Amino acid sequence: MDLMAYRNPFKPTAGASPPLLVGRDEVLEEFEESIDDGPGAPGRLSLITGPRGVGKTVVLNAVHDIVVAKGWIAIAETATTGMCDRITQAVRRHHEELRQGRSARVRGITLPVVGGGLTFESRADPPADLRESTASLLDELEPNETGLLITVDEVHRKSVGEIRHLATVVQHLVREDRNIALVMAGLPSAVSDVLSDSVLTFMRRASREELSDVSLADVRESLAETITRNGRTITSSALDAATEATGGYPFMVQLVGYHCWRKTTGSAIDDAATSSGIPAARKRLGSTVHAAALADLSAVDRTVLLAIAVDDGPARTADVARRIGESAKYVSIYRQRLIDAAVIQPAGRGFVDFTIPYLREYLREHAASAL
Ligand SMILES: Nc1ncnc2c1ncn2[C@@H]1O[C@H](COP(=O)(O)OP(=O)(O)OP(=O)(O)O)[C@@H](O)[C@H]1O
Ligand SMILES: [Mg+2]
């Protein structure tokens with residue numbers, strides 16, 4: 001077999017769609033049904049949350065693909081300054097392309113209707129606002145039973161103003177039974193910050209998808225399938241080790257797959273490959289996910305995390321308080337902050353545990369620099 005046949009299929013990069021999207025069928029089916037069910041269906045307004053690396057962005061990508069396959073227009077944005085202006089411009093560009101496509105067809109020339117990479121002269125009309133331009137794009141789409149999806153990634157407290165504006169526009173269009181869907185994604189703490197905005201009560205009725213780890217059985221199957229589809233095999237014990245090492249954490253599925261693939265020279269991924277691939281994957285996890293997750297936190301948050309990391313399993317809140325020399329009440333504030341940030345989770349009465357695999361080990365190894 002030539003080298004090309006061994007091209008690494010795994011995608012251990014934030015936002016890069018994996019070769020197989022593990023364990024998200026149900027979420028995506030629900031969304032697809034909402035698109036088919038028409039205006040007013042609950043999933044047309046959705047909020048996706050979950051810890052770092054759980055796959056929020058790739059679920060948005062999948063949602064995007066679902067509607068595009070149905071002939072809808074999809075606009076993908078991130079919640080940063082200028083978001084509403086960029087959406088308005090994208091809406092207008094799509095509208096223009098639809099019109100150009102139509103007039104081209106009338107003249108008997110075949111041109112792609114949407115997104116053919118064509119550029120058009122901007123029109124002399126004054127720029128319409130978001131609501132107006134969206135409504136007129138929908139006027140164009142709805143006779144063909146298609147609509148508009150807007151996805152907003154990386155929802156953040158800082159962008160609440162932009163989100164408020166977008167949500168208000170969408171709220172009006174939803175009330176008018178227009179064919180529009182809005183799906184937003186962010187860390188749980190960011191999403192709850194945004195939802196606490198008094199103007200965004202409408203978004204509180206959105207359907208919430210809290211993404212979490214996927215089952216090890218699904219991971220095992222997807223690793224095996226990805227590997228065999230791409231021309232290699234994996235021994236049963238190597239597959240067990242690789243599956244186990246992911247902890248069901250989606251980012252780790254890609255990292256473990258990627259590094260075990262890399263450490264293989266022949267056609268079979270075996271124990272030798274996993275025993276060097278798994279540590280390499282963990283190292284990358286630390287420098288990407290763990291470092292990023294810790295960077296979002298305050299110094300006290302990190303001190304509390306270090307005190308949690310002392311235990312090999314779930315930590316008792318009372319022990320954590322004792323370790324940092326503070327009261328249980330003081331620790332409970334940080335406990336809640338860290339739960340909201342999806343770094344830890346409750347693990348039975350009075351106990352907490354990490355949500356991201358190997359974060360404990362990472363904190364221990366980087367105790368000094370973590371602070
Ligand atoms: N369901 C899944 N099955 C397999 N791999 C996945 C799955 N979800 C995500 N991944 C992989 O995990 C990595 C992280 O995914 P993604 O960037 O979507 O996470 P995220 O939740 O958006 O993270 P962040 O909070 O940092 O934005 C990517 O490499 C992606 O390919
Ligand atoms: Mg993301």
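Predicted model, so just to flag it, every value in this text is computed and none were measured.

S.K.: Before we move on, can you summarise the overall build of the protein chain with the specific residues and values?
M.R.: The number of helices and strands found in the protein chain is 16 helices and 10 strands. C-alpha atoms of the protein chain, sized along the principal axes, occupy 70 × 60 × 35 Å. A fraction of 74% describes how many contacts in the protein chain between residues 6 or more apart in sequence connect residues 24 or more apart. Split by element, the accessible area of the protein chain, about 18000 Å² in all, is 50% carbon and sulfur. Averaging the positions of the 42 positive and the 49 negative side-chain charges in the protein chain gives two centres separated by 5 Å.

S.K.: Summarise the site of ligand 1; cite the residues concerned and give the values.
M.R.: Taken together, 23 residues sit near ligand 1, with Lys 11, Gly 15, Ala 16, Lys 56 and Thr 57 positioned nearest. Contact between ligand 1 and Thr 57: an oxygen atom at 2.8 Å from a side-chain N or O atom of the residue. For ligand 1, whose unbound accessible area comes to 640 Å², protein coverage reaches 94%. Per-class residue counts for the shell around ligand 1 are 13 nonpolar, 6 polar and 4 charged. A domain-level breakdown of the shell around ligand 1 finds at least three residues from each of domain 1 (25-210) and domain 2 (215-292).

S.K.: I'd like a rundown of the pattern of salt bridges, residues and numbers included.
M.R.: The final tally for this structure, using the stated rule, is 18 salt bridges. Between Arg 220 and Asp 240 there is a salt bridge whose closest N-O contact spans 2.7 Å. Taken together, the positions of Arg 220 in helix α8 (residues 216-229) and Asp 240 in helix α9 (residues 236-246) put the pair 20 residues apart, joining distant regions of the chain. For Asp 240, a relative accessible area of 40% translates into the label partly exposed. Across the pair Arg 364 and Asp 312 runs a salt bridge whose closest N-O atoms are separated by 2.8 Å. Separated by 52 residues along the polypeptide, Arg 364 in helix α15 (residues 359-365) and Asp 312 in the loop between α12 (299-308) and β8 (315-316) bring together distant segments of the chain. Arg 364 sits in the partly exposed class, given a relative accessible area of 38%. Taken together, the salt bridges that share partners define one network made up of Glu 32, Asp 36 and Lys 70.

S.K.: Give me the nonpolar core: which residues, what numbers.
M.R.: Across soluble globular proteins, nonpolar side chains have a tendency to be buried as a group. Counting 51 residues, the largest nonpolar core has Val 256, Leu 305, Ile 308, Ile 344, Phe 354 and Leu 363 as its most contacted members. With 37 residues, the next largest nonpolar core counts Ile 87, Leu 130, Val 194 and Phe 202 among its residues.

S.K.: Which residues make up the sheet that holds β8, and what values do they have?
M.R.: Read across the sheet, 3 strands follow the order β8-β10-β9 without closing on themselves; strand pairing throughout is antiparallel. Each of the sheet's edge strands pairs with one partner strand only, and the pair in question is β8 and β9 (344-346). Contacting β8, β9 and β10 (351-354), α12 crosses the sheet at an angle of about 100 degrees to β10.

S.K.: Before we move on, can you summarise the sheet that holds strand β2 (residues 73-78) with the specific residues and values?
M.R.: Spatially, 5 strands are ordered β2-β3-β4-β1-β5 in an open sheet, and the strand pairing comes out parallel. Edge positions in the sheet fall to β2 and β5 (207-210), since each of these pairs with one other strand and no more. Averaged over all pairs of adjacent strands, the angle between strand axes in this sheet comes to 15 degrees, irrespective of strand direction. Here β2 pairs with strand β3 (residues 148-153) via 6 bridges, running parallel. Each bridged residue has a counterpart across the sheet, and for Ala 74 the counterpart in β3 is Leu 149.

S.K.: Just give me the short version of the environment of Gly 71, but keep the residues and values in it.
M.R.: Within the fold, Gly 71 resides in the loop between α2 (56-69) and β2. Each C-alpha atom, one on Gly 71 and one on Gly 147, is 8.0 Å from the other, the two residues being 76 residues apart in sequence.

How each quantity is defined
Along every chain, residues carry numbers that run from 1 in the direction the sequence is written. To label them, take the chains in the order written and letter them from A, then take the ligands in the order written and number them from 1. The predicted origin of the model limits local features to residues at a pLDDT of at least 70 and limits the giving and counting of side-chain atom pairs to 80 or more, whereas totals for whole chains, interfaces and linings rest on all residues. Values shown for side chains rest on all heavy atoms present in the structure; no hydrogens or waters enter the calculation. Note on conventions: DSSP H or I runs of at least 4 residues are helices, E runs of at least 2 residues are strands, and numbering of each starts at the N terminus. Any two residues having at least one pair of non-hydrogen atoms within 4.5 Å are treated as being in contact. Per-residue and other accessible areas follow the Shrake-Rupley method at a 1.4 Å probe size, with only the shown protein chains counted as cover for residues. Within this scheme the basic residues Lys and Arg register as positive and the acidic residues Asp and Glu register as negative, but His and the chain ends are omitted. By convention, the charge on Lys lies at NZ, on Arg at CZ, on Asp at CG and on Glu at CD. The criterion for a residue being near a molecule or strand is simple. One of its heavy atoms has to lie within 4 Å of it. A 3.5 Å cut-off defines polar contacts: any pair of N or O atoms within that distance qualifies, except that in protein one atom must be a possible hydrogen donor and the other a possible acceptor, and neighbouring residues in sequence count only when both atoms are side-chain atoms. Each residue is assigned to one class: nonpolar for Ala, Val, Leu, Ile, Met, Phe, Trp, Tyr, Cys and Pro, charged for Asp, Glu, Lys and Arg, and polar for all the others, Gly among them. An automatic or database domain assignment provides the domain bounds reported here. The term salt bridge refers to a pairing of a side-chain nitrogen on Lys or Arg with a carboxyl oxygen on Asp or Glu at a separation within 4 Å. Only protein chains enter the accessibility calculation, which uses a 1.4 Å probe. A residue is then buried if its area is under 20% of the maximum for its type, exposed if over 50%, and partly exposed in between. We define the nonpolar core as a collection of buried residues of types Ala, Val, Leu, Ile, Met, Phe, Trp, Tyr and Cys that are connected through side-chain atoms lying within 4.5 Å of one another. Two strands qualify as a pair provided DSSP detects at least 2 bridges between them. Between the N-to-C directions of two axes lies an angle of 0 to 180 degrees, each axis being a line fitted to C-alpha atoms and, for a helix, fitted only over the stretch in contact.

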